[in-house]
Amino acid sequence: MGIVREAEDVESGVVGARGGGGGGAEVTAPLLCRKDDVESKIQPEAAECGEGGSLRMVLLSTAVAVCGSFEFGTCVGYSAPTQSGIVDEVGLSISEFAIFGSILTIGAMIGAVTSGRLADFLGRKMTMRISAIICIFGWLSIHLAKSAIMLYFGRILLGFSTGVLSYVVPVFIAEIAPKNLRGGLATSNQLLICSGSSATYIIGALVAWRNLVVVGLAPCVILLAGLFFIPESPRWLANVGREKEFHTALQKLRGENADISDEAIEIKEYIESLRSFPKARFQDLFLSKNIYAVIVGVGLMIFQQLGGINGVGFYASYIFSSAGFSGKLGTILIGIIQIPITLLGAILMDRSGRRLLLMVSASGTFLGCFLTGISFYLKAQGLFLDWVPALALSGILVYIGAFSIGMGPVPWVIMSEIFSINMKAIGGSLVTLVAWLFSFAISYSFSFLMDWSSAGTFFMFSAASLITILFVARLVPETKGRTLEEIQDSLNSRR
């Protein structure tokens, strides 16, 4: 997110750096042996050991990084279970709480447009470290707040950190992941986002809103501590010319006995290929060779938000209460179903493919919103009032489950795959900014839309989901199992 240099295929790419310096030194002689030479020399036992070492360090590094994703989830989910407590204690009006809920996205937009340069200049680890520290100040501001201003200030700080983390975490994960695990590990980002929001939904129904801040502080502390035990992204290190650290980090990630010569060569060659590209400009996005990727990336993010996820996520308790169901129980149930379904999506990501997941997910969000709209329509007409709470609950749970399996994680994964090498930073920046802009529009206007027509609001969301299915079927390419170069060839052939 932000000025995105999204994650490259681990076996063929490296994220280019305008913010970094150096790089491009020749690979030393011991690293120049080719795959066909070394394969015959590596015993199965050694290869097995290398794979084990690789998997352990990659999983540890991913586990530490996704603490930032968990933090993202706590920030997004915090407003849902705390609305009544904050409104009663601080004395916010409905419009003031709408600002509190949606102002997170303003901070996130600021974070989004600075995150790429921060990550390029400071490195992935340092960027995550700074974001965690800013998050801590944001949570403390909310915990100590006596007025709307302090709440807004803390929320903006959390938003800024969220914008940065939403970029740097998936980039870091995809830069360290082997190709065959890239989709699954990248989806762990969404899994932990859902876990964070689930935790706030469930715990927030049981504790006061000030005490719920602890759920947001905990992942910040774990992230700060964990960063001391994992390597920096080898691709970033190679880009900025830190040769020795590059080889050390890559060896740690691939295992002590793993041969990294081929991968090191590919990374170095990729860096050199980046140098041959002219400096990308924003207007280059609208050239014929890039416009298709822009349409796909921006379109997916717009439809993701027009489906209403941030309205539902920010105001879940209010939705359930409006339908006559317990707000606390409803948010707990949302928290319970999100995690296993997102985990299922992570498993299916590299098996069923991106397009199928998106279409199944959008079909589910259509059904969920339609059922919820029907429940509010029946309530407004005074018909079958006993059915209204059950219909609303069923609709929201179907919606959240369907979103978690596809429309949540897949657009971000596709965004990291569809832009050409030299356009990733600017293209990702545009896509992410559009996502946060529409997120703000939906989250801020949701309470006003519900006052206008609760049924109409959800029928509009369901219509957006129907259009999403058509958009995916007609325009979105399948990227499962393809290298980034193969994806680009496929996109170019459709121009």
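Every chain is numbered independently, its residues counted from 1 as its sequence is written. In keeping with the predicted nature of the model, local features appear solely for residues at pLDDT of at least 70, side-chain atom pairs appear and are counted solely at 80 or more, and the whole-chain, interface and lining totals rest on all residues. Side-chain descriptors were evaluated using all non-hydrogen atoms of the structure, hydrogens and water having been removed beforehand.

Another point: the environment of Ala473. Per the convention used, a helix needs a DSSP run of H or I reaching at least four residues, while a strand needs a run of E reaching at least two, with both numbered from the N terminus. Tracing the backbone through its elements, the reader meets Ala473 in helix α20 (residues 454-475). Partly exposed residues are those whose accessible area sits between 20% and 50% of the maximum for their type, while under 20% is buried and over 50% is exposed, using a 1.4 Å probe and protein chains only. Given the relative accessible area of 41%, Ala473 is considered partly exposed. Spatially, the C-alpha atoms of Ala473 and Leu358 are 9.3 Å apart, while their sequence positions differ by 115 residues.

With respect to the helices, strands and loops of the structure, Lys328 is situated in helix α15 (residues 327-349). C-alpha separation for the pair Lys328 and Ile202, spaced 126 residues apart in sequence, amounts to 8.0 Å.

A separate point is the nonpolar core. Core analysis: the largest hydrophobic core is formed by 118 residues, its most contacted members being Tyr78, Ile86, Met128, Ile142, Leu151 and Phe458. Whether two residues touch is decided by their heavy atoms; if any such pair falls within 4.5 Å, the residues are in contact. With near-sequence residues (within four places) excluded, Leu151 lies in contact with Ile86, Val90, Leu92, Phe100, Ile142, Ala145 and Trp209. Nine residue types can take part in a nonpolar core, namely buried Ala, Val, Leu, Ile, Met, Phe, Trp, Tyr and Cys, and a core is a set of them joined through side-chain atoms within 4.5 Å. In terms of nonpolar packing, the next biggest core, distinct from the first, is built from 11 residues, Ala238, Phe246, Leu250 and Ile267 among them.

Another point: the environment of Ser276. Within the secondary structure, Ser276 is located in the loop between α11 (261-275) and α12 (288-306). With relative accessibility at 57%, the residue Ser276 sits in the exposed group. Distance in space between the C-alpha atoms of Ser276 and Asn422 is 9.6 Å, their sequence separation being 146 residues.

Here a pair means two rings of Phe, Tyr or Trp (six-membered ring of Trp) with centres within 6.5 Å. Their orientation is stacked below 30 degrees between planes, edge-to-face above 60, and tilted elsewhere. Per the stated rule, a full pass over the model turns up 19 aromatic pairs. Measuring from ring centre to ring centre gives 5.3 Å for Tyr78 and Trp139, while their planes differ by 70°; the resulting arrangement is edge-to-face. Note that Tyr78 is positioned in the loop between α2 (44-77) and α3 (79-90) and Trp139 in helix α5 (residues 124-143), a separation of 61 residues in sequence. An aromatic cluster is present here, built from Tyr78, Phe97, Phe100, Trp139, Tyr315, Phe376, Phe446, Phe458 and Phe461 joined pairwise through their rings. As a reminder, the over-ring test applies to NZ of lysine and CZ of arginine, requiring each to be within 6 Å of the ring centre and within 35 degrees of the ring normal. One Lys or Arg, Arg129, reaches over the ring of Phe228 and ends 5.2 Å from the middle of that ring. Over the ring of Phe100 we find Arg155, and its NZ or CZ is 5.0 Å from the ring centre.

With that out of the way, let us pick up empty space enclosed by the protein. A cavity, in this analysis, means grid points on a 1 Å lattice covering only the protein atoms where a 1.4 Å probe fits yet has no way out; a pocket is instead an open set bounded by protein on both sides within 12 Å along at least five of seven lines, and a residue lines either one if it has an atom within 4 Å of a point. Grid points are joined across faces, edges and corners, and a volume is the space filled by probe spheres set on the points. With the rule as written, the count across this model stands at 6 cavities of 30 Å³ or more. When its volume is computed, the largest cavity comes out at roughly 410 Å³. Around the largest cavity, the lining is made up of 24 residues, and of these Val76, Ile193, Ile309, Asn310 and Phe403 lie nearest the centre. Secondary-structure elements contributing two or more residues to the lining of the largest cavity are α2, α7 (182-204), α12, α13 (309-314), α15, α17 (388-407) and α19 (424-452). Per-element tally for the lining of the largest cavity: the top contributor is α7, with 5 residues. The residue classification treats Ala, Val, Leu, Ile, Met, Phe, Trp, Tyr, Cys and Pro as nonpolar and Asp, Glu, Lys and Arg as charged. All others, Gly included, are polar. Of the residues in the lining of the largest cavity, the class split is 12 nonpolar, 12 polar and no charged.

Let us look at unusual backbone geometry. Phi at Phe384 takes a positive value of approximately 45°, unusual for a residue other than glycine. Given a relative accessible area of 53%, Phe384 falls into the exposed group.

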